[in-house]
Amino acid sequence: MSDQIPNEERESGLAVQEARPKLRRPPLFKVMLLNDDYTPMEFVVQVLETFFAMTREKATQIMLHVHTRGVGVCGVYTRDIAETKVIQVNDFSRSHQHPLMCTMEEA
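Residues numbered from 1 in each chain as written. Predicted model: local features only at pLDDT ≥ 70, side-chain atom pairs only at ≥ 80, totals over all residues. Heavy atoms only, no water.

- Going by an unreviewed UniProt entry, the protein chain carries the name ATP-dependent Clp protease adapter protein ClpS and comes from Candidatus Thiodictyon syntrophicum.
- Per UniProt, the protein chain has the following entry under Subunit (unreviewed entry): "Binds to the N-terminal domain of the chaperone ClpA."
- Per UniProt, the comment on the protein chain under Function (unreviewed entry) is "Involved in the modulation of the specificity of the ClpAP-mediated ATP-dependent protein degradation." (UniProt positions renumbered as here; feature names shortened; annotations may be inferred.)

Structure (structure tokens):
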């Protein structure tokens, strides 16, 4: 096997290592609910349980945060997942005649 390594490399002690591409994590996006004066609180809790897999307690905490502060983060996801969740929540809200809005922004 040492016959396959050229003399210069064997004598210098240098080993050639292939360069690995540097990988970066994809950017993350916050999915947020915006408060309005018309959507029932129970509906917001249902949305959080259904689309964000939250427990009743956690969903209630987030709903109250949205209600008192005007906006609340439901989760942080990659772009595709965040966009899908925003569309799902907004479509679900419209289909139930509620003005609840879901948006996203870079985390």
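1. Some thoughts on helix H3 (residues 56-69)
Reasoning step 1: Here H3 spans 20 Å end to end across 14 residues, near enough to the 20 Å set by a 1.5 Å rise per residue.
Reasoning step 2: Within H3, burial applies to Ala59, Ile62, Met63 and Val66. Viewed along the axis of H3, the buried residues span an arc of 100°, placing them on a single side of the element. In H3, the exposed positions angled more than 90 degrees off the buried face are occupied by Glu57, Gln61, Thr68 and Arg69.
Reasoning step 3: Where the residues of H3 are buried, they touch strand S1 (28-34), helix H2 (41-52) and strand S2 (71-78). (Helix = DSSP H or I, 4+ residues; strand = E, 2+ residues; numbered from the N terminus. Expected span 1.5 Å × (residues − 1). Buried < 20%, exposed > 50% of the residue type's maximum accessible area, 1.4 Å probe, protein only. Arc of directions from axis to C-beta. Contact = heavy atoms within 4.5 Å.)

2. A closer look at the packing of H2 against H3
Reasoning step 1: At a minimum axis distance of 9 Å, the contact between H2 and H3 shows a crossing angle of 125°. Put simply, H2 runs oblique to H3. Here the hand of the crossing between H2 and H3 comes out right-handed. Taking contact as the criterion, the partners of Met41, Glu42, Val44, Val45, Leu48 and Glu49 in H2 are, on H3, Arg56, Ala59, Thr60, Ile62, Met63 and His67.
Reasoning step 2: Along the lines of polarity and charge, the residues of the contact of H2 with H3 split into seven nonpolar, two polar and three charged. (Axes fitted to C-alpha atoms, helices over the stretch in contact; angles between N-to-C directions. Parallel < 35°, antiparallel > 145°, perpendicular 65-115°, else oblique. Left-handed = near helix turned anticlockwise from the far one by under 90°. Nonpolar A, V, L, I, M, F, W, Y, C, P; charged D, E, K, R; others polar.)

3. Things to note about the environment of Thr50
Reasoning step 1: As for its placement among the helices and strands, Thr50 is situated in helix H2.
Reasoning step 2: Distance in space between the C-alpha atoms of Thr50 and Val89 is 9.4 Å, their sequence separation being 39 residues.
Reasoning step 3: At 2.8 Å, the side chain of Thr50 forms a polar contact with the backbone oxygen of Gln46. (Polar contact = N/O pair within 3.5 Å; in protein donor to acceptor, adjacent residues only side chain to side chain.)

4. Examining the sheet that holds S1
Reasoning step 1: Pairing within the open sheet is antiparallel, and its three strands lie in the order S2-S1-S3. Looking along the sheet, the strands with just one partner apiece sit at the ends: S2 and strand S3 (101-106). Averaged over all pairs of adjacent strands, the angle between strand axes in this sheet comes to 30°, irrespective of strand direction.
Reasoning step 2: Of the strand pairs in this sheet, S1 and S2 are connected by seven bridges, and their pairing is antiparallel. Bridge pairing in S2 links Phe29 to Tyr77.
Reasoning step 3: Relative to the sheet, helix H4 (residues 79-95) contacts S1, S2 and S3, its axis offset from that of S3 by approximately 165°. (Pairing = 2+ DSSP bridges.)

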